[in-house]
Amino acid sequence: MMRFARVLLLCYIVGREVSSLRTTCRRSPLAAKPLAGPLRNNLHRLKATIEDEARTKETDEPRNEDLTARQKKMKRKGGFFRRTSKLPRKAVRVYTDYAQRLWAETDPAVRRSISRDKATAAIRKVETIARGSNTMPFSDTEELKEARGEMLRACQKMLREMAKASAASDAVSNEVAISEASPPSKKKKKKKPRRSILFGAVMGMAVAAWVFSGNWIFTGLFTLMTVLGQLEYYRMVMKTGVYPARRISVIGASSMFLTALFAPNLHQICLPMFGLWAMIWFLTMRRQITRISEIAATFTGMFYLGYVPSFWVRIRLIGAGREPTRLAPFVRPMLEMMGRRAESLPNFIPRAIHFPITTGAIFIFWAWISLAFNDVGAYFVGKNFGKTKLGKLAPGAGAASPNKTVEGLFGGLAFSVAFSVAGAWVQKWPSFVLTGAVHGICLGLLGLIGDLTASMLKRDADIKDFGDLIPEHGGILDRVDGFIWTAPYSWLVCSYIIPALKARARVGLV
């Protein structure tokens, strides 16, 4: 850089001297002769500087290449870190966009507008058929002509009234409704993609980090997932023409997770209290009698997607002063660091709130691994070896999910038992082979019931997936349906059954 500046300076000096020499030559050629010497010297200096710069560049060329390589490497590292730093913002943006879309699609005004448009199309179709006499399968009579005229007048009156109601509704809701009610263009059915093993592994690591992230983060993320799951459920319900108390249900389900964290003794009172709130709202805010299906859908949403899965938070609180597992020696340094952090906080904050490792967290980790591989084992075994349909044993289950097989059921149970036995050994359960195997079978069967429950709901609503948040996997409910009914059972096992077995083993009864 310094050499380059020196060359520029010399060029400027030479140029100035050449200009001065030219001006002097025009005035007096004899007076210009003394100026030629300095100009000649500066030209020689400029030439020597340029040659020196060329030689230095040739000598430093490998070094510059190395510097470029280092710069490229640092650029790649910087790009990776920049992309990694953008992940939280991208996750927040994806979550908020999806939640806003679900909230808009579950708005009662939009759903009523969609139903009105569908009804309008049906009435116009009836009117078209009634106007064409050649479409009737029998000859006209006077009574038939009179009845057809009355039907046409009734159709026209209904269309006029519905047009008035449509004009009074919100313009934005109408735009959304018309776009959703318009018949979809016929597309060639895409072949369902195969499940990605890499995606499953990444999701597994993310869930493991979530489980051991501390009770506040665990509960907070669980609550955010519950909001999306609730909105997916109510979008499905509203497509069937049922309009429940959506806002009360979402708030009630979220409060059950927070109450399970901060006031576990009040956890069981949340469902009846918010059920009472929903009934008061139905009686005071609705202008017509609320249907049984709307009441049932509201209570089902709070119970199925709020109260039942919130038991995982209660499990997470169990055993802040936990017993070391068989893997404790391998992770002792990390645990000691976390313990020092927990002890440095004020005494009025329970250690179970912020301490990442609890007995319940370890139990959840192994239970979720067993449930995940129960699903994986059932899928691959059923796909490759499945011949006997599950509907032969349980007709209702076969109607809800026709592709499930008995071989897939036993394949999933085998995977679940294997991981549950491993988890029982790590957690030092008494008679870990027997207790782990029974626990794995119960988890596998309850996971299957959760999967079939979601399939039954989707089949009744005539939809394929609850949502499209996760590529190739559907929405939130499509991924967590097998984990819902296992929560109360797991809380019972972790809170009472395993401690009772360990107490009996200490006195020599097991």
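Residues numbered from 1 in each chain as written. Predicted model: local features only at pLDDT ≥ 70, side-chain atom pairs only at ≥ 80, totals over all residues. Heavy atoms only, no water.

Describing the overall build of the protein chain
Part 1: When you go through the protein chain residue by residue, the secondary structure sums to 20 helices and 0 strands.
Part 2: Counting the 510 residues in the protein chain, one finds 38% classified as buried.
Part 3: In the protein chain, once contacts between residues fewer than 6 apart in sequence are set aside, the share between residues at least 24 apart is 74%.
Part 4: Accessible surface for the protein chain amounts to roughly 31400 Å². Of this, 65% is attributable to carbon and sulfur atoms. (Helix = DSSP H or I, 4+ residues; strand = E, 2+ residues; numbered from the N terminus. Buried < 20%, exposed > 50% of the residue type's maximum accessible area, 1.4 Å probe, protein only. Contact = heavy atoms within 4.5 Å. Areas by Shrake-Rupley, 256 points an atom, 1.4 Å probe, with all protein chains shown as cover.)

What to know about the nonpolar core
Part 1: Membership of the largest hydrophobic core comes to 39 residues, with the highest contact counts inside it found for Phe218, Phe222, Trp312, Ile315, Phe363, Ile364 and Trp368.
Part 2: Those residues in contact with tryptophan 312, other than ones at most four positions away along the chain, are Phe218, Phe222, Ile364, Ala367, Trp368, Phe483, Thr486, Ala487 and Ser490. (Core = buried A, V, L, I, M, F, W, Y, C linked by side-chain atoms within 4.5 Å.)

Considerations on the pattern of salt bridges
Part 1: Tallied over the full model, the rule gives 7 salt bridges.
Part 2: For lysine 404, the salt bridge identified is with aspartate 451, shortest N-O distance 3.1 Å. You can see lysine 404 sitting in the loop between helix H16 (395–400) and helix H17 (406–426) and its partner aspartate 451 sitting in helix H18 (residues 432–461), a full 47 residues away along the chain.
Part 3: The partner of lysine 464 in a salt bridge is aspartate 465, and the shortest N-O contact between them spans 3.7 Å. (Salt bridge = Lys/Arg side-chain N within 4 Å of Asp/Glu carboxyl O.)

Some details on the packing of aromatic side chains
Part 1: Considering all chains together, one arrives at 23 aromatic pairs under this definition.
Part 2: When the centroid spacing of 5.4 Å and the interplanar angle of 45 degrees are considered together, the rings of tryptophan 210 and tryptophan 368 count as tilted. A residue pair is termed long-range when its members are at least 10 positions apart, and tryptophan 210 in helix H7 (residues 197–211) and tryptophan 368 in helix H15 (residues 359–385) qualify at 158 residues.
Part 3: Judged by its relative accessible area of 11%, tryptophan 210 is buried.
Part 4: Residue classification places tryptophan 368 among the buried residues on the basis of a relative accessible area of 8%.
Part 5: Three or more aromatic residues link up through ring pairs in this structure, and these residues are Trp210, Phe218, Phe222, Phe257, Trp312, Trp368 and Phe483.
Part 6: Positioned over the ring face of tryptophan 103 is arginine 246, at 3.7 Å from the centre of the ring.
Part 7: Taking the ring centre of phenylalanine 218 as reference, the NZ or CZ of arginine 316 above it sits at 5.9 Å. (Phe/Tyr/Trp six-rings, centres within 6.5 Å; stacked < 30°, edge-to-face > 60°. Lys NZ or Arg CZ within 6 Å of the ring centre and 35° of its normal.)

Notes on H18
Part 1: Taking 1.5 Å of rise per residue, 30 residues should cover 44 Å, and H18 covers 43 Å from first to last C-alpha, within 8% of that figure.
Part 2: Backbone geometry just downstream of H18 places aspartate 462 in the positive-phi region, at approximately 60 degrees. (Expected span 1.5 Å × (residues − 1).)

Focus: the environment of threonine 259
Part 1: Looking at the secondary structure, you find threonine 259 in helix H9 (residues 246–262).
Part 2: Classification of threonine 259 as buried rests on a relative accessible area of 16%.
Part 3: In this structure threonine 259 touches Pro264, Leu266, His267 and Cys270, once residues within four positions along its chain are discounted.

Structural notes on the side chain of arginine 246
Part 1: Here arginine 246 is to be found in helix H9.
Part 2: At 3.0 Å, the side chain of arginine 246 forms a polar contact with the backbone oxygen of tryptophan 103. (Polar contact = N/O pair within 3.5 Å; in protein donor to acceptor, adjacent residues only side chain to side chain.)

Notes on a nonpolar patch on the surface
Part 1: There is a patch of nonpolar side chains on the surface, built from Trp216, Ile217, Leu221, Leu224, Leu258 and Phe262 and spanning about 600 Å² of accessible area.
Part 2: Where the nonpolar patch is concerned, the elements lending two or more residues are helix H8 (215–238) and H9.
Part 3: It is H8 that contributes the most residues to the nonpolar patch, 4 residues altogether.
Part 4: Summarising the element assignment, isoleucine 217 is placed in helix H8.
Part 5: The exposure class of isoleucine 217 is partly exposed, given its relative accessible area of 47%. (Patch = residues over 30% accessible without salt bridge, like charges linked within 9 Å, V, L, I, M, F, W, Y side chains within 5 Å.)

What to know about helix H20 (residues 486–506)
Part 1: Taking 1.5 Å as the rise per residue, H20 with 21 residues should run 30 Å; its terminal C-alpha atoms sit 28 Å apart, in good agreement.
Part 2: The largest bend in H20 amounts to roughly 40 degrees and is located at valine 493.
Part 3: Within H20, the full set of buried residues consists of Thr486, Ala487, Tyr489, Ser490, Trp491, Val493, Cys494, Ile498 and Lys502.
Part 4: The inward-facing, buried residues of H20 abut helix H12 (311–316), H15 and H18.
Part 5: Just downstream of H20 lies glycine 508, where phi reads positive at about 85 degrees. (Bend = angle between axes of the 7 residues up to and from the residue.)

A short note on the packing of H9 against helix H10 (residues 270–285)
Part 1: In contact at an axis separation of 10 Å, H9 and H10 are set at 165 degrees when each is read in the N-to-C sense. When the axis of H9 is compared with that of H10, the two are roughly antiparallel. As H9 runs across H10, the sense of the crossing is right-handed. Contacts from Ile248, Ile251, Gly252, Ser255, Met256 and Thr259 of H9 reach H10 at Cys270, Leu271, Phe274, Trp277, Ala278 and Trp281.
Part 2: Its residues assigned to classes, the contact of H9 with H10 shows 9 nonpolar, 3 polar and no charged. (Axes fitted to C-alpha atoms, helices over the stretch in contact; angles between N-to-C directions. Parallel < 35°, antiparallel > 145°, perpendicular 65-115°, else oblique. Left-handed = near helix turned anticlockwise from the far one by under 90°. Nonpolar A, V, L, I, M, F, W, Y, C, P; charged D, E, K, R; others polar.)

Let's talk about the packing of H15 against H17
A pair of packed helices can be characterised by two numbers: the angle between their axes and the separation between those axes.
Part 1: At their nearest, the axes of H15 and H17 sit 6 Å apart, and the two run at 155 degrees to each other. Here H17 runs roughly antiparallel to H15, going by the angle between their axes. Taken as a pair, H15 and H17 cross one another with a handedness that is right-handed. Across the interface between the two elements, Trp366, Ile369, Ser370, Phe373, Asn374, Gly377, Ala378, Val381, Gly382 and Phe385 of H15 pack against Glu407, Gly408, Gly411, Gly412, Leu413, Phe415, Ser416, Phe419, Ser420, Ala422, Gly423 and Val426 of H17.
Part 2: Split by residue class, the contact of H15 with H17 holds 11 nonpolar, 10 polar and 1 charged.

Focus on unusual backbone geometry
Part 1: With a phi angle near 60 degrees, lysine 428 is a residue other than glycine that sits in the positive phi range.
Part 2: Along the chain, the position of lysine 428 falls in the loop between H17 and H18.
Part 3: Lysine 428 sits in the partly exposed class, given a relative accessible area of 34%.

Observations concerning the environment of valine 211
Part 1: Residue position: valine 211 is located in helix H7.
Part 2: The spacing of valine 211 and isoleucine 362 is 151 residues in sequence and 8.3 Å in space, taken between C-alpha atoms.

Bear in mind that shape data such as this cannot, by itself, settle questions of function.
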